[in-house]
Amino acid sequence: MIEYPKPDDDEEQSDDCSCDGATGTSPTLYGDARAELRRRDFAKFLATVGGLTAVASLTAPLASTTQVFKRGYEGPVYSDGIHLVDGEGERITEGRLSEGEHMTVFPEPRPGIEDAPTLLVRYAESDYGSDIAEGFTVSGYAAFSKVCTHAGCMVSDREEDLVVCPCHFGKFNVLEGAAVSGGPPGRPLPQLPITVTSDGFLVATGDFEGPVGPGGG
């Protein structure tokens, strides 16, 4: 419980009052030296509460962007024919992204698996380097796990063609197969093999090529 500043006991019992009985004038809250000290104490209290509130407001969004991925399911995340969907559960069509755009997608929900954040990017085929897994891209699309291989935080920031983990600033180059280009991660983000169905939707053709999250390097 927050305790507000209180006067000393002898102050509460003091009869020293500057009231003017003839005029009916009441003493003000800050009418003497002791009241001035109490005002300063109260101002310090308000500053402390305000500071704590500000810190809480800043740490709340930070906690959300650096959330660590905890995987309880040990089976495959994707398999052949699993559709990629957006946060609303809508299947991703071939025309969803323009070149240079990124978005977060997920495997279409099915029994036994929770959401698995996946980074979907689209560039010109000629922009990709030799580190992109052969046969894993389609129509300029490439997909990677969005879980950092260092500590399991979400890779949620972007610097041009790099994606950046906000926890320890690991950087991955999506044009080079999400290879590590800075920071502490020891291996790339695992890539997901994808293709386009005859009716124009993006689907996986297998699971991620490596372990999701930290470890497995």
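1. Concerning the sheet that holds strand 8 (residues 179–182)
- With antiparallel pairing, the four strands of this open sheet are ordered in space as 5-6-7-8. The open sheet terminates on both sides in strands that have one partner only, identified here as strand 5 (157–159) and strand 8. In this sheet, neighbouring strand axes are inclined to one another by 35 degrees on average, regardless of whether the strands run parallel or antiparallel.

2. Considering the state of the cysteines
- Here the structure, examined in full by the defined rule, presents one disulfide.
- The disulfide partner of Cys153 is Cys167, and the gap between their sulfur atoms is 2.1 Å. The disulfide joining Cys153 to Cys167 has a torsion of about -95 degrees about its S-S bond and is therefore left-handed. Of this pair, Cys153 sits in the loop between strand 4 (141–145) and strand 5 while Cys167 sits in the loop between strand 6 (162–164) and strand 7 (171–173), placing them 14 residues apart in sequence.
- Under the relative-accessibility criterion, Cys153 is labelled buried at 3%.
- Under the relative-accessibility criterion, Cys167 is labelled partly exposed at 22%.
- Residue Cys165 stays outside any disulfide, its sulfur separated by 4.0 Å from that of Cys148, the closest cysteine.

3. A closer look at the side chain of Thr149
- Inspection of the secondary structure puts Thr149 in the loop between strand 4 and strand 5.
- Of note is the side chain of Thr149, whose polar atom sits 2.8 Å from the backbone oxygen of Arg187.
- Setting aside chain neighbours within four positions, we find Thr149 in contact with Phe172, Pro185, Gly186, Arg187, Pro188, Leu189, Pro190, Gly213, Pro214 and Gly215.

4. Things to note about the pairing of strand 8
- The pairing of strand 7 with strand 8 spans three bridges and is classified as antiparallel. Residue Lys171 lies in a different strand from strand 8, and its bridge partner there is Gly182.
- Linking strand 7 to strand 8, which pair antiparallel, is a turn of five residues; within it Gly177 sits at a positive phi near 70 degrees.

5. Topic: the environment of Val163
- Turning to its location among the elements, Val163 is positioned in strand 6.
- Note: C-alpha distance between Val163 and His102 (61 residues apart in sequence) is 9.7 Å.

6. Side note on the sheet that holds strand 9 (residues 191–192)
- With antiparallel pairing, five strands are arranged side by side in an open sheet as 1-2-3-4-9. Edge positions in the open sheet fall to strand 1 (84–85) and strand 9, since each of these has one partner strand only.
- Both strand 2 (residues 102–107) and strand 3 (residues 118–122) contribute to a ladder of four bridges, which runs antiparallel. In the sheet register, His102 faces strand 3, and the bridge partner there is Val121.

7. Remarks on the packing of aromatic side chains
- If you walk through the whole model with that rule in mind, you get two aromatic pairs.
- Aromatic pair Tyr78 and Phe208: ring centres 5.5 Å apart, planes at 85 degrees, arrangement edge-to-face. Here the residue Tyr78 occupies a position in the loop between helix 2 (33–65) and strand 1, and Phe208 occupies one in the segment after strand 11 (202–204), the gap between them amounting to 130 residues.
- By relative accessible area, which is 1% here, Tyr78 ends up buried.
- Measuring from centroid to centroid gives 6.1 Å for Tyr123 and Tyr128, while their planes differ by 85 degrees, and the two rings are edge-to-face.
- Taking relative accessible area as the criterion, Tyr123 reaches 6% and is therefore assigned buried.

8. Describing the pairing of strand 3
- Burial within strand 3 is extensive, with five of its five residues counted as buried.
- Residues Thr118, Leu120 and Arg122 line one face of strand 3 and the alternating positions Leu119 and Val121 line the opposite face, and both faces are buried.
- The sheet contact formed by strand 3 and strand 4 spans five bridges and is antiparallel. In the sheet register, Leu119 faces strand 4, and the bridge partner there is Phe144.

Conventions we followed
Residues numbered from 1 in each chain as written. Predicted model: local features only at pLDDT ≥ 70, side-chain atom pairs only at ≥ 80, totals over all residues. Heavy atoms only, no water. Pairing = 2+ DSSP bridges. Helix = DSSP H or I, 4+ residues; strand = E, 2+ residues; numbered from the N terminus. Axes fitted to C-alpha atoms, helices over the stretch in contact; angles between N-to-C directions. Disulfide = S-S within 2.5 Å. Buried < 20%, exposed > 50% of the residue type's maximum accessible area, 1.4 Å probe, protein only. Polar contact = N/O pair within 3.5 Å; in protein donor to acceptor, adjacent residues only side chain to side chain. Contact = heavy atoms within 4.5 Å. Phe/Tyr/Trp six-rings, centres within 6.5 Å; stacked < 30°, edge-to-face > 60°.

It is worth stressing that arrangement in space is one thing and function is another; only the former is reported here.
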